[in-house]
Structures are given as C-alpha cells and as structure tokens.
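# An overview of the molecular structure
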Amino acid sequence: MFSFTVQMEDGRVVPLLQYVVSLAVTEAIKDVCDKNALIDVRIKWPNDLYLNGLKVGGILSTSTYKSKKFNVSIGIGLNVDNEKPTTCLNAVLRELSAAACALRREDIVAAFLNKFENFYDLFI
C-alpha cells in the first residue's frame, strides 16, 4: 500500500518501530471504519495483520546505518479491496453492514500518519 523511511539515532529503539507501526495501522483502521460496523484487525507478531482469522496485511521493515543514523524503511501492505486469496477490509465491512461505506486507501494512510506520529512521540 505504501512505504516510508524514518531516521533515528538511538539504535536501542529501532526494534520497537515495527510494533509502533503495527499498532498505528490497527488503530487507524478502527478510526476510519464506520462506527456502526467496527472491524477488528489484529496483530500477529511480528508483522502480520489478521481479520477474522485471515491475513489481510503485513508490515516489513529494514534498516541501514550510515553517518551515525539508522535509516529504517517500513512497507505496509493492506488488502483493502481485493477479496482474493483470502478476504479484504471492504468485504468484511459489507458483511457487517449493507449501509457501511467502503474504506478508501487515502483515508487509511492519513489516519495512519496521525496515529503513527502520536505513538512515535509517546513510545520512541
């Protein structure tokens, strides 16, 4: 779905970043969803996102060290619309409520960035 890079100086907190990202993704999805049809995306450590027992996404991170800074690149894949091979967020929303509006990727990304910024400041 998207990727981004974070620069960090303290190598002790680099491993925490993937967990902060996982939490921010799940909380962003909850924020964007119709409040009447809440979908419960769960984290399966270290990097998978599951909904109703089926994988709907994943998070991969990699880091390099250069000029006394860690450059952590994080990629987030999230199955918003494609119902194959397992399921997608919008299919589950439709099952929960016929009136539920479809999730849009840009809304999820915007909500993620807000959550990530808050969690990053809180935990890292």
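Data block above holds the structure.
Everything quoted here is computed from the prediction, not taken from an experiment. (Residues numbered from 1 in each chain as written. Predicted model: local features only at pLDDT ≥ 70, side-chain atom pairs only at ≥ 80, totals over all residues. Heavy atoms only, no water.)

### Here we look at the sheet that holds strand E2 (residues 42-44)
If you trace the five strands from one edge of the open sheet to the other, you get E1-E5-E4-E3-E2, paired in antiparallel fashion. Of all strands in the sheet, those bounded by a partner on one side alone are strand E1 (2-8) and E2. Within the sheet, the average angular offset between the axes of one strand and its neighbour, ignoring direction, is 25 degrees. Here E1 pairs with strand E5 (residues 69-78) via seven bridges, running antiparallel. Its bridge partner being in E5, Ser 3 is matched across the sheet by Gly 75. Seen against the sheet, helix H3 (residues 105-123) touches E1 and E5 and runs at an angle of roughly 20 degrees to E1. (Pairing = 2+ DSSP bridges. Helix = DSSP H or I, 4+ residues; strand = E, 2+ residues; numbered from the N terminus. Axes fitted to C-alpha atoms, helices over the stretch in contact; angles between N-to-C directions. Contact = heavy atoms within 4.5 Å.)

### Observations concerning the state of the cysteines
The tally for this structure, following the rule as stated, stands at zero disulfides. For the unlinked cysteine Cys 88, the closest cysteine sulfur is that of Cys 33, found at 12 Å. Classification of Cys 88 by relative accessible area gives buried; the value is 0%. (Disulfide = S-S within 2.5 Å. Buried < 20%, exposed > 50% of the residue type's maximum accessible area, 1.4 Å probe, protein only.)

So yeah, pure geometry; function would need other evidence.
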